[in-house]
Structures are given as C-alpha cells and as structure tokens.
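Architecture at a glance
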Amino acid sequence: MNGVGWLMAIIIGGIAGWLAEKFMKSDMGVLMNIILGIVGAIVFNFLAALIFDFETAGWIGSLIAGFIGACLLIWLARLIKGRT
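What counts and what doesn't
- Residues numbered from 1 in each chain as written.
- Predicted model: local features only at pLDDT ≥ 70, side-chain atom pairs only at ≥ 80, totals over all residues.
- Heavy atoms only, no water.
- Helix = DSSP H or I, 4+ residues; strand = E, 2+ residues; numbered from the N terminus.
- Rg over C-alpha atoms; globule rule 2.2 N^0.38 Å.
- Buried < 20%, exposed > 50% of the residue type's maximum accessible area, 1.4 Å probe, protein only.
- Contact = heavy atoms within 4.5 Å.
- Areas by Shrake-Rupley, 256 points an atom, 1.4 Å probe, with all protein chains shown as cover.
- Lys, Arg positive; Asp, Glu negative; His and termini not counted.
- Charge placed at Lys NZ, Arg CZ, Asp CG, Glu CD.
- Phe/Tyr/Trp six-rings, centres within 6.5 Å; stacked < 30°, edge-to-face > 60°.
- Core = buried A, V, L, I, M, F, W, Y, C linked by side-chain atoms within 4.5 Å.

The next subject is the overall build of the protein chain. When its secondary structure is counted, the protein chain shows three helices and zero strands. The linear arrangement of helices and strands in the protein chain, starting from the amino end, is α-α-α. Taken over the C-alpha trace, the protein chain has a radius of gyration of 12 Å; the compact-globule value for 84 residues is 12 Å, and the two agree within 12%. For the protein chain, the spread of C-alpha atoms along the principal axes amounts to about 35 × 30 × 15 Å. Every one of the 84 residues in the protein chain was classed for burial, and the buried ones make up 33%. Taking the contacts inside the protein chain whose residues are at least 6 apart along the sequence as the reference set, 67% of them involve residues at least 24 apart. For the protein chain, the computed accessible surface area is about 5400 Å², with 75% contributed by carbon and sulfur atoms. Charge centroids of the protein chain, computed over 5 positive and 4 negative side chains, lie 16 Å from each other.

With that settled, the discussion passes to the packing of aromatic side chains. One pair of aromatic rings is described through two measures. These are the centre distance and the angle between the planes. Under the criterion given, the structure shown has one aromatic pair. With a centroid separation of 5.6 Å and an interplanar angle of 70 degrees, the aromatic rings of F23 and F67 are classed as edge-to-face. Of this pair, F23 sits in helix 1 (residues 6-23) while F67 sits in helix 3 (residues 58-81); the two residues are 44 residues apart in sequence, bridging distant segments of the chain.

Here we take up the nonpolar core. Within the largest apolar cluster, six residues are counted, these being A20, M24, L36, A70, C71 and I74. At three residues, helix 3 tops the list of elements feeding residues into this core. Dropping the residues within four chain positions of it, A70 is found in contact with A20, L36, G37 and G40.

Right, dumping it as structure tokens:
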C-alpha cells in the first residue's frame, strides 16, 4: 500500500475487507478481512495502473482501493465456486 506504513496497511486492510464483507454479504473472519483488504488494494492498484495509468496514494486511496479490490476478489471467488 502506497504512502502508509505496515501497521496502517493492516488496519486499513482490515477496515476495507470488513466493508467489502458487509457490502458483498459474505461471512469471513477478521484475519481474512485483513488479507482481502491488503491483497485487494494490491490487485486494484495493479489493474488501475495497467488499464488506466492510475495509482492510489495515502490512507483514503488505500482504503478505497482495498474495498474495491476485496469486492473483486470476493466476486471472483464466488464465480470460481459457481455461487454467483
């Protein structure tokens, strides 16, 4: 996550994952929320840089990127499992 330390990345990832969990009506634990938020931010930043030549920065940008990326990962997992 750009512009934030590792402790803030964990906190922001947890919040982003939790928000995505509630938005997507998924049931996961705290650890999975943190992982989804951090990995989601990485995935979203990669896709945004690749497609739109755009990158998020700061804690608000990281939170938004984590939320969108986590939602994408939850959707992808459901698609793979066949539960769309």
